[in-house]
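Remarks on the overall topology
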Amino acid sequence: MTFDRKIRIAPSILSADFADFGREIRAIEDQGADWVHVDVMDGHFVPNLTFGPPAVKAFRPHVKTFMDVHLMIAPVDPYIEAYAEAGADLITAHIEAGPHIHRTLQAIRATGRKAGVALNPGTPADSVAHLLDLTDLVCVMTVNPGFGGQKFLDMTAKIRRLRELIGDRPIHIEIDGGVDPATAPLVAAAGADVLVAGSAVFRGGSVADPAPYGNNIRAIREAAEAAV
Ligand code: DX5
Ligand code: ZN
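Residues numbered from 1 in each chain as written. Chains lettered and ligands numbered in written order. Predicted model: local features only at pLDDT ≥ 70, side-chain atom pairs only at ≥ 80, totals over all residues. Heavy atoms only, no water.

1. Some remarks on the nonpolar core
The tendency in soluble globular proteins is for nonpolar side chains to be buried side by side. Within the largest apolar cluster, 73 residues are counted, with the highest numbers of intra-cluster contacts made by Ile-13, Val-38 and Leu-195. Excluding anything up to four places from it in sequence, Ile-13 contacts Phe-18, Phe-21, Ile-25, Ile-28, Val-36, His-37, Val-38, Phe-51, Phe-59 and Phe-202. Formed by 11 residues, the second largest nonpolar core is a distinct cluster that contains Leu-90, Ala-118, Val-143 and Val-196. (Core = buried A, V, L, I, M, F, W, Y, C linked by side-chain atoms within 4.5 Å. Buried < 20%, exposed > 50% of the residue type's maximum accessible area, 1.4 Å probe, protein only. Contact = heavy atoms within 4.5 Å.)

Below, the structure is given as structure tokens:
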């Protein structure tokens, strides 16, 4: 079977109501989310703080699809097992977060979870050339990580280069930061298949009125699919 590169939309719950994660997760999934993206920040690797393993564990029973946990923390290795046990399906670590990314990716796979590697905007595509056998996903940051709602940085040349490097390997290309119906076509045409979106999914809706989430997800998906 060939690897399925259909467009997947992964709403980031960084833009959800922080007092109501269970219902927010169920709302985005009911409205068509393919994955749930969880942004873990440590106030050190990035200038913001979010979710420890107990929070991620509390999200788990609400996620019926696939929990995509993006670790923006350094060091990362000491926390991999805890986030795996909390119920992540896939754990992404930043290549910039430590000196031994092979060890990090091996440690993630050793937990039985899928392993992703994320690249900050300043990090070149070729930095993953020797990691591809250890990786299930490459996350291309299209903002400097730390906050939702930032302006999209154009990384289409990097995405195209990654697509070439990956070839037929079963590796997703995920885009994170500033994805909306205007930017989704650029990244999809360049070869991305998993689109993270926070503010562009949650804007205009709420758990009491979740239909805008669905409209937002559909608008991003349709714009991306039209460009592939
Ligand atoms: C950025 C996070 C993103 C962020 C995306 O540091 O990794 O996942 O929540 O938010 P938007 O889609 O609002 O740029
Ligand atoms: Zn993220």
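2. Let's talk about the site of ligand 1
Residues in contact with ligand 1 amount to 20 residues; listed here are only the nearest, Asp-39, Gly-146, Asp-176, Gly-198 and Ser-199. The side chain of Ser-12 places a nitrogen or oxygen atom 3.2 Å from an oxygen atom of ligand 1. About the coverage of ligand 1: the protein hides 100% of its 380 Å² of free accessible area. Breaking the shell around ligand 1 down by element, the ones donating at least two residues are strand E2 (36-41), strand E3 (67-72) and strand E8 (194-197). The leading source of residues in the shell around ligand 1 is E2, at three residues. (Near = heavy atom within 4 Å. Polar contact = N/O pair within 3.5 Å; in protein donor to acceptor, adjacent residues only side chain to side chain. Areas by Shrake-Rupley, 256 points an atom, 1.4 Å probe, with all protein chains shown as cover. Helix = DSSP H or I, 4+ residues; strand = E, 2+ residues; numbered from the N terminus.)

3. Section: the coordination of the zinc ion (ligand 2)
Protein coordination of the zinc ion (ligand 2) is provided by His-37 (NE2), Asp-39 (OD), His-70 (ND1) and Asp-176 (OD), with donor distances spanning 2.0 to 2.3 Å. All donors of the zinc ion (ligand 2) belong to a single chain; written as a sequence motif, their spacing is H-x1-D-x30-H-x105-D. Taken together, the residues span a long stretch of sequence, with His-70 in strand E3 and Asp-176 in strand E7 (residues 172-176) at a distance of 106 residues. Relative accessible area serves as the criterion here: at 0%, His-70 is assigned to the buried category. A relative accessible area of 8% places Asp-176 in the buried class. (Donors = N, O, S within 2.8 Å, 3.2 Å for Na, K, Ca; no water.)

4. A short note on the pattern of salt bridges
Once the charged atoms of two side chains with opposite charge are near each other, the side chains can pair. Scanning the model with the defined rule gives eight salt bridges in all. One salt bridge connects Asp-34 with Arg-221, and the closest N-O pair in it is separated by 2.8 Å. In this pair, Asp-34 is assigned in the loop between helix H1 (21-30) and E2 and Arg-221 in helix H8 (residues 211-227), connecting sequence segments 187 residues apart. (Salt bridge = Lys/Arg side-chain N within 4 Å of Asp/Glu carboxyl O.)

5. Observations regarding the UniProt feature "binding site: substrate" (unreviewed entry) in the protein
Those residues carrying the UniProt feature "binding site: substrate" (unreviewed entry) are Ser-12, His-70, Gly-146, Phe-147, Gly-148, Gly-149, Asp-176, Gly-177, Gly-178, Gly-198 and Ser-199 in this numbering. Assignment of secondary structure puts Gly-146 in the loop between strand E6 (137-141) and helix H5 (156-166). You can see Gly-178 is positioned in the loop between E7 and helix H6 (184-190). Judged by its relative accessible area of 27%, Gly-178 falls in the partly exposed class. When neighbours within four sequence positions are excluded, Gly-178 is seen to be in contact with Val-143, Gln-150, Phe-152 and Thr-183. (UniProt positions renumbered as here; feature names shortened; annotations may be inferred.)

6. Comments concerning the pairing of strand E4 (residues 90-94)
Burial within E4 is extensive, with five of its five residues counted as buried. Regarding the hand of the β-α-β motif, the stretch spanning E3, helix H3 (residues 80-85) and E4 is right-handed. Here E4 pairs with strand E5 (residues 114-119) via five bridges, running parallel. Considered in E5, the bridge of Ala-93 is made with Val-117. (Right-handed = clockwise from strand over helix to strand, strands pointing away. Pairing = 2+ DSSP bridges.)

7. A short note on H1
The buried fraction of H1 amounts to seven of the 10 residues, a majority that puts the element mostly inside the structure. Taken as a whole, H1 has its buried residues at Phe-21, Gly-22, Glu-24, Ile-25, Ala-27, Ile-28 and Glu-29. Against strand E1 (8-11), E2, helix H2 (53-59), helix H7 (199-202) and H8 lie the buried residues of H1. Directly after H1, the chain includes Gly-32, whose backbone phi takes a positive value near 110 degrees.

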